[in-house]
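Close look at the chain arrangement
Listed below, chain by chain, are the residues.
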Amino acid sequence: MKTKYLLAALVAISSTVSAASPPNIVFIFSDDHAYQAISAYGSKRNTTPNIDRLANEGMRFDRCVVTNSICGPSRACVLTGKYSHKNGFYDNTSRFDGSQQTFPKLLQQAGYQTAMIGKWHLVSDPTGFDHWMVLPGQGRYYSPVFNTPEGRRVIPGYVTDVVTDEALSWVDSRDKTKPFLLMLQHKAPHREWMASAKHVAKYEGTQFEEPETLFDDYRHRSDAAADATMRVGDDMRPMEDMKLWPKGAPYTEQQLKLMDSATRKAWTAAYAKENAAYMANPPKGDDKTRWNYQRYMRDYMACIASVDDNVGRVLDYLEEHGLADNTIVVYSSDQGFYLGEHGWYDKRFMYEQSFRTPLLVRWPGVTEAGSVEKRMVSNLDFAETFLDIAGVQVPSDMQGASIAPLLRGEPVDKWRDAFYYHYYEGPPAVHTVARHYGVATDRYKLIHYYDLDQWELFDLEHDPHELMSLYNDPNYAEIRDELEKKLANLRAELEVTSNEPEVK
Ligand SMILES: [Ca+2]
């Protein structure tokens, strides 16, 4: 009886203490934003002054990797702190079981106000949020539709601006006696890369630097790379992706109708000259790849420009409302993306450009400004980190680790030296990327394409572009054995018992 009383008193004290000043959390999450398109990560193709503010005032993570490089699975992983085989969301045909444990639910129980605004892509309705409005499916760039608990809403305007408007309006109207979690999730810069009226002509005439591997021949690797249908040269759709819009095309009409008249005008003007030159003399072969690459970069980077503007709006808002000092701002993307590396767009592979994702965190008064962290962290760690930061106990069935100690600059004796990856959406799904799993360390990577029964091993120190598999090289036999052991250990530890999605 006495113990119970004491315990209740202790709980009361600790909840008073933790309720005193838990920080607000603003999680800005974009879709398919490559770290190569952020100037804080050294982009030579664009600048992102607002996203860079987070790096300058906080920490840049140089190797934030994902568990499964595709949209829905990444989002499910962020919410649950678990791999696909534990949260049940394997590929973009899955449906998220919203009855399971998620970090927003736990924060809500701990007294946080929670909101989810923007791209969701988990099919079922969001759970664990006081307020939500989400884009159905991929969402659309102009006049976006939102699903809300009260039904569908269509809001005129450009999606990246609208999502930010709605997010800030929620922060304005929130219960100010409670800390808050805002998940602000952009559709951009997802394919089909449709820019805002403000930026649609921003890169007209710009010549973007080509990546070294734009004309990759896919030799010295498994068949998976050559089999993938995500080539900038061959697999871009002329109308939707390349904006080679002939007059009267139904797709074009449909898209233009969603824009206001000023935007429609800006759009028509922005592509007119280049498209006319293309039609007069359509490029072939390598020239077509080069032309497609330039058009792709032009549109992709223009979408990023709006994302960056809107990150700036959020940071300014926090400052103007006295919230900046007690708010952690995180910028990340659901995964990385190929910007012509290996001749590709899209993601899915365990190669660096899609295995990695940007992660920038500003935690005023705690994280050293301008710091850089090179250890491997993951989207698997986000849920644990947010709970830890809020002073909420991290459930033992979550599979990542809080990165809060790294953000605090505390000495950490033991950190992961290897990471498990598993991609489930194989052919005939779009882009025909063979299913695979693998293990990565700071220097090496071992990948198994199990439907092909083929392996790859890369030494990132000697081959940063991952062009030469060393799996059968006798000089690497010992390293291969070691990686195979690590892989088996990780699969056992994470309880991966099948390579097939389990139907629950
Ligand atoms: Ca994505």
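Residues numbered from 1 in each chain as written. Predicted model: local features only at pLDDT ≥ 70, side-chain atom pairs only at ≥ 80, totals over all residues. Heavy atoms only, no water.

Looking only at helices and strands, the protein features 14 helices and 15 strands. Along the first, second and third principal axes, the C-alpha set of the protein runs to 85 × 65 × 45 Å. Expressed as a percentage of its 504 residues, the buried residues of the protein come to 60%. The contacts of the protein with a sequence gap of at least 6 include a subset with a gap of at least 24, amounting to 69%. Counting only carbon and sulfur atoms, one obtains 51% of the accessible surface of the protein, whose full area is about 20,600 Å². Counting 56 positive and 71 negative side-chain charges, the protein places the averaged centre of each group 4 Å from the other. (Helix = DSSP H or I, 4+ residues; strand = E, 2+ residues; numbered from the N terminus. Buried < 20%, exposed > 50% of the residue type's maximum accessible area, 1.4 Å probe, protein only. Contact = heavy atoms within 4.5 Å. Areas by Shrake-Rupley, 256 points an atom, 1.4 Å probe, with all protein chains shown as cover. Lys, Arg positive; Asp, Glu negative; His and termini not counted. Charge placed at Lys NZ, Arg CZ, Asp CG, Glu CD.)

For a metal with four donors in a tetrahedral arrangement, the ideal angle between donors is 109.5 degrees, while six donors in an octahedron ideally sit at 90 or 180 degrees. Of the protein atoms, only Asp31 (OD), Asp32 (OD), Asp334 (OD), Asp334 (OD) and Gln335 (OE1) coordinate the calcium ion, at distances of 2.2 to 2.8 Å. Mapped onto the sequence, the donors of the calcium ion take the spacing D-D-x301-D-Q. Of this pair, aspartate 31 sits in the loop between strand E1 (24-30) and helix H2 (49-57) while aspartate 334 sits in the loop between strand E8 (327-333) and helix H11 (352-355), and the two are 303 residues apart along the sequence. With respect to class, aspartate 31 is no different from aspartate 334; both count as buried. (Donors = N, O, S within 2.8 Å, 3.2 Å for Na, K, Ca; no water.)

Right, let's talk about helix H12 (residues 382-389) for a bit. Most of H12 is tucked away, with seven of its eight residues classed as buried. Listed as buried for H12 are Phe382, Ala383, Glu384, Thr385, Phe386, Leu387 and Ile389.

All right, on to the sheet that holds strand E14 (residues 444-449) then. Within the open sheet, the four strands sit side by side as E12-E13-E14-E15. Their pairing is antiparallel. What marks the edges here is a single partner per strand, and that holds for strand E12 (419-423) and strand E15 (454-459). Strand-to-strand twist of the sheet, defined as the mean angle between neighbouring strand axes without regard to direction, takes the value 15 degrees. Two strands pair when backbone bridges link them, and strand E13 (residues 436-440) and E14 are joined in this way by four bridges, in the antiparallel orientation. If you follow glycine 438 over to E14, its bridge partner there is isoleucine 447. Helix H14 (residues 477-493) contacts E12, E13, E14 and E15 of the sheet and is inclined by roughly 110 degrees relative to E13. (Pairing = 2+ DSSP bridges. Axes fitted to C-alpha atoms, helices over the stretch in contact; angles between N-to-C directions.)

Of the volumes computed, that of the largest pocket is approximately 800 Å³. Looking at the largest pocket, it is lined by 25 residues, and the ones nearest its centre are Tyr35, Gln36, Gln353, Arg356 and His465. If you list the elements that add at least two residues to the lining of the largest pocket, you get strand E2 (59-65) and H11. With three residues, E2 is the single largest residue contributor to the lining of the largest pocket. A breakdown of the residues in the lining of the largest pocket according to their chemical character gives five nonpolar, seven polar and 13 charged. Each of domain 1 (23-194 + 301-409) and domain 3 (420-493) accounts for three or more of the residues forming the lining of the largest pocket. In this structure, the second largest pocket spans a volume of roughly 410 Å³. For the second largest pocket, the lining is made up of 17 residues, of which Arg416, Asp417, Ala418, Leu490 and Glu493 are closest to its centre. Here the lining of the second largest pocket takes four residues from H14, the largest share from any one element. Classifying every residue of the lining of the second largest pocket by side-chain character gives nine nonpolar, three polar and five charged. (1 Å grid on protein atoms, 1.4 Å probe; cavity = no way out; pocket = protein on both sides within 12 Å on 5 of 7 lines; lining within 4 Å. Points joined across faces, edges and corners; volume = space filled by probe spheres on them. Nonpolar A, V, L, I, M, F, W, Y, C, P; charged D, E, K, R; others polar. Domains from an automatic or database assignment.)

Structurally, serine 43 can be placed in the loop between E1 and H2. Here serine 43 falls in the buried class, since its relative accessible area comes to 14%. Ignoring anything within four residues of it in the chain, the contact list for serine 43 reads Gln36, Ala37 and Ile38.

Taken across its seven residues, E1 has seven buried, putting it largely inside the fold. The alternating pattern of E1 places Asn24, Val26, Ile28 and Ser30 and Ile25, Phe27 and Phe29 on opposite faces, both of which are buried. Looking at chain direction, E1 and strand E7 (residues 180-185) are connected through five bridges and run parallel. The residue of E7 that forms the bridge with isoleucine 28 is leucine 184.

Parsing the protein into structural domains produces domain 1 (23-194 + 301-409), domain 2 (227-294) and domain 3 (420-493). Distance between the C-alpha centres of domain 1 and domain 3: 27 Å. Across the boundary between the two partners, domain 1 contributes 24 residues, which contact 25 residues of domain 3. Between domain 1 and domain 3 we count two salt bridges in total. The closest approach of N and O atoms between glutamate 425 and arginine 348, which form a salt bridge, is 2.9 Å. Between the two partners, domain 1 and domain 3, sit 16 residue pairs in polar contact (both at pLDDT 80 or more). Of all elements in the fold, only helix H4 (84-87) and H11 reach the threshold of two or more residues within the side of domain 1 that touches domain 3. Grouping the amino acids of the side of domain 1 that touches domain 3 by side-chain chemistry returns 10 nonpolar, eight polar and six charged. (Salt bridge = Lys/Arg side-chain N within 4 Å of Asp/Glu carboxyl O. Polar contact = N/O pair within 3.5 Å; in protein donor to acceptor, adjacent residues only side chain to side chain.)

Looking along the chain, the bond that leaves alanine 188 and enters proline 189 is cis, with omega of -5 degrees. Secondary-structure assignment places proline 189 in the loop between E7 and helix H7 (224-227). Look at the link from proline 427 to proline 428: it is a cis peptide, with omega at 10 degrees. Looking at where proline 428 falls in the secondary structure, it is placed in the loop between E12 and E13. One non-glycine residue, aspartate 346, lies in positive phi territory at about 70 degrees. On the secondary structure map, aspartate 346 appears in the loop between E8 and H11.

The next subject is the nonpolar core. The biggest cluster of nonpolar side chains holds 73 residues, and the ones touching the most others in it are Leu182, Tyr296, Tyr300, Tyr331 and Leu339. When residues in this core are grouped by element, the largest group, 15 residues, is from helix H10 (residues 285-320). The residues touching tyrosine 300, leaving out its near neighbours within four places in the chain, are Asp32, His33, Ala34, Ala37, Pro189, Trp193, Phe337 and Leu339. Core analysis: the next-biggest nonpolar cluster, separate from the first, contains 46 residues, Tyr421, Tyr471, Leu487 and Leu490 among them. (Core = buried A, V, L, I, M, F, W, Y, C linked by side-chain atoms within 4.5 Å.)

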